[in-house]
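# Results of the structural survey
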Amino acid sequence: MDIIAHTASIHQSKEALKELRDNPDYTKLELDFRLTKDNELVWSHSNKINGRLISNTNYRNLGSVLILEDVLEVLDHIKPILIEIKGKPNERQIYGLVKSLFSLVHYKNKIELESFNQYLIGILLNLKKQGVLEFIDYGLIINLFKTFSYRKHFPEQYKEVSFLALSNELYEWPIVGGDYQIYREQLPSAKQYAWSWDAVYEETEERILNYIFKGVDGIGTSNPTLVKKLIK
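The following refers to the structure shown. Note that the structure is predicted; figures quoted are calculated from it, not measured. (Residues numbered from 1 in each chain as written. Predicted model: local features only at pLDDT ≥ 70, side-chain atom pairs only at ≥ 80, totals over all residues. Heavy atoms only, no water.)

### Here's the deal with the environment of glutamate 91
Assignment of secondary structure puts glutamate 91 in helix H3 (residues 91-101). As for glutamate 91 and isoleucine 4, which are separated by 87 residues in sequence, their C-alpha atoms are 30 Å apart. (Helix = DSSP H or I, 4+ residues; strand = E, 2+ residues; numbered from the N terminus.)

Structure representation (structure tokens):
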């Protein structure tokens, strides 16, 4: 089972990235990226840096930031990466995004990419069929709100995703707590990664054990020591 670094609350710096890279309990790093006005992928969970909206600003005007190439250099092929694309890039921006993603071709470890944006994932899946960025595995992020779009009938155009990242509500809430099983039935070959928004939900031992009991393939966490202990 993968223990995936959930980095939403991590300060985006080279020092923090090195700590994540060198933490022996993490088997994979999940990193959030946003596209700048000039089509650079910047490591950031927030949509703003230094008060500037990332999508409306050229990356050199954002101040001290790490772009994708900087991150790859620090990681030095050591850990697999799970890239989350934040925001809702339009058609022109998606073209720029695809160009930026080509820098990943030289990364000598496994690469996955996820997004809440099903339109973006659909485009990337179609490109993969055509042999473009075929070395990347793609997945959808689904939370309490998104699950109502997918739970009764999962759209055919997204069924070739390699994984789903499902929020904790889909394993435990009364109305949607069985949705993880619905997705297993609809997408039997897709892996499942469980995660919770740590700004709202505490990573309790009970919650982690529930993920494990329900057979997830990976857990996004900011407490890898706890997860590793419970997996054993």
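Next comes the rest of the description.
### What about the side chain of serine 196?
Mapped onto the fold, serine 196 is located in the loop between strand E10 (191-195) and helix H8 (205-213). Non-local contacts of serine 196, meaning those with residues more than four positions away in its chain, are made with His6, Asn168, Tyr201, Glu203, Arg207 and Tyr211. (Contact = heavy atoms within 4.5 Å.)

### Description of the environment of phenylalanine 163
Note that phenylalanine 163 resides in strand E9 (residues 163-167). Considered as a pair, phenylalanine 163 and glutamate 15 are 148 residues apart in the sequence and their alpha carbons are 30 Å apart. Those residues within four positions of phenylalanine 163 in sequence are excluded, and the remaining contacts are Leu82, Glu112, Leu113, Glu114, Asp137, Tyr138, Gly139, Leu140, Ala190, Lys191 and Tyr193.

### Quick word on the packing of H8 against helix H9 (residues 224-231)
Closest axis-to-axis distance for the H8/H9 pair is 10 Å, and the angle between their directions is 50 degrees. Between H8 and H9, the angle falls in the class oblique. Between H8 and H9 lies a crossing of right-handed hand. Across from Glu205, Ile208, Leu209 and Ile212 in H8, the residues of H9 making contact are Leu226, Val227, Lys229, Leu230 and Ile231. Of the residues in the contact of H8 with H9, the class split is seven nonpolar, no polar and two charged. (Axes fitted to C-alpha atoms, helices over the stretch in contact; angles between N-to-C directions. Parallel < 35°, antiparallel > 145°, perpendicular 65-115°, else oblique. Left-handed = near helix turned anticlockwise from the far one by under 90°. Nonpolar A, V, L, I, M, F, W, Y, C, P; charged D, E, K, R; others polar.)

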